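# Notes for the structure review
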Amino acid sequence: MSACSQPFRLPPPPAPDRCFPCVRFAPPVRLRTCVLHRAAVLSGLGNGAPRGSCSNRNTPSCTSLEQVNAATISDVTTLRRASTCALTITGGTETGHASGTYSHWNGYKIDFSRTSCVGNYITGSFTRIANRGDGAARYRSSAGNVYAREGNHWDVTFCGGSAACTKAARA
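Along each chain, the written sequence defines residue order, and numbers are assigned to residues from 1. With the structure being a predicted model, the display of local features is reserved for residues of pLDDT at least 70 and the display and counting of side-chain atom pairs for 80 or more, all residues being used for whole-chain, interface and lining totals. Heavy atoms from the whole structure form the basis of all side-chain values; hydrogens and water molecules are not counted.

### A short note on the pattern of salt bridges
If charged atoms from side chains of opposite charge come close, those side chains can pair. Threshold: The salt bridge definition used is simple: a Lys or Arg side-chain nitrogen within 4 Å of an Asp or Glu carboxyl oxygen. Put simply, DSSP marks the helices as runs of H or I at least four residues long and the strands as runs of E at least two long, and each gets a number from the N terminus on. When accessible area is computed with a 1.4 Å probe and restricted to protein chains, residues below 20% of their type maximum are described as buried, those above 50% as exposed, and intermediate ones as partly exposed.
Taken as a whole and assessed by the stated rule, the structure comprises 4 salt bridges. Among the ionic pairs, D155 bridges to K109, the shortest N-O distance being 2.6 Å. Taken together, the residues span a long stretch of sequence, with D155 in strand β7 (residues 153-157) and K109 in strand β3 (residues 109-113) at a distance of 46 residues. Accessibility classification places D155 together with K109 in one group, the buried group. E150 is paired through a salt bridge with R132; the nearest N and O atoms lie 2.4 Å apart. Taken as a pair, E150 in the loop between β6 (146-149) and β7 and R132 in the loop between β4 (127-129) and β5 (137-140) lie far apart in primary sequence, 18 residues in all.

Laid out in structure tokens, this is it:
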């Protein structure tokens, strides 16, 4: 396995009594890799970049966060803090995902490994909505983000407060 094909693991957040710097972004700001790295570090997301040389998101075997939306990173940060779970990103903006306005490629979607911690948080905290067309169970957060439980990962659409995005993700 090359360094580029290894998933990007976010460590669990520090103890709740520790202060986190807060970075907020308004969608649809798109982040370049160097800006993403700095923003992720300031947001408490560890080193903020996938392992290996993943700057070319046209490589489908690479978990890339190149040109991810800033609102997506902000919402990932919120998920990590609220859940207190370690998050392993297994899919980002790299090619190979389904197309669409609110897609991985356009920076709205991130895939996370399915762990009991993440699964228990999502299913216990969010509203169960209708299954997706392929049968994947879905949950909607109060922020309008939609979490789909796929075979070995969570496919999450981070809508950044966009009602149109939430509506499209629920279709």
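Anyway, onward from the coordinates.
### What about the pairing of strand β2 (residues 87-91)?
We apply this condition: By the convention used here, strands pair only if DSSP detects at least 2 bridges between them.
Extensive coverage of β2 is indicated by the burial of 4 of its 5 residues. The pairing of β2 with β3 spans 2 bridges and is antiparallel. The residue of β3 that forms the bridge with I89 is F112.

### Examining the nonpolar core
Here is the rule we go by: Here, the term nonpolar core denotes a set of buried Ala, Val, Leu, Ile, Met, Phe, Trp, Tyr and Cys residues that are joined through side-chain atoms within 4.5 Å. Throughout, a residue-residue contact means that at least one pair of heavy atoms, one from each residue, lies within 4.5 Å.
In terms of nonpolar packing, the biggest core is built from 19 residues, with I110, F112, I122, Y139, Y147, W154 and F158 touching the most fellow members. By residue number, the principal contributor to this core is helix α2 (residues 70-83), which donates 3 residues. The residues contacting F158, other than those within four sequence positions of it, are T72, D75, V76, Y108, I110, F112, N145 and Y147.

### Thoughts on unusual backbone geometry
Excluding glycine, most residues fall at negative phi; most peptide bonds, likewise, are trans. With phi around 65°, Q67 is a residue other than glycine that occupies positive phi space. Mapping Q67 onto the fold places it in the loop between α1 (33-42) and α2. Backbone geometry places T84, a non-glycine residue, at a positive phi of 60°. Relative to the elements of secondary structure, T84 occurs in the loop between α2 and β2.

### Let's talk about the packing of aromatic side chains
Spelled out, the test is: Pairing of aromatic rings covers Phe, Tyr and Trp, the last counted by its six-membered ring, and requires centre-to-centre distances within 6.5 Å; plane angles under 30 degrees mean stacked, over 60 mean edge-to-face, and any other angle means tilted.
Going through the model one piece at a time under the given rule, you end up with 6 aromatic pairs. A ring pair is formed by Y147 and F158, whose centres lie 6.2 Å apart and whose planes are at 80°; its orientation type is edge-to-face. In this pair, Y147 is assigned in strand β6 and F158 in the loop between β7 and α4 (163-170), connecting sequence segments 11 residues apart. Judged by its relative accessible area of 2%, Y147 is buried.

### Brief notes about the state of the cysteines
Threshold: Working definition: a disulfide is two cysteine sulfur atoms within 2.5 Å of each other.
The full count for this structure, using the stated rule, is 2 disulfides. Two residues, C159 and C165, share a disulfide whose sulfurs are 2.2 Å apart. The sign of the -65° torsion about the S-S bond sets the C159-C165 disulfide as left-handed. When the bonded cysteines of the chain are counted from the start of the sequence, the pairing works out to 1-2, 3-4.

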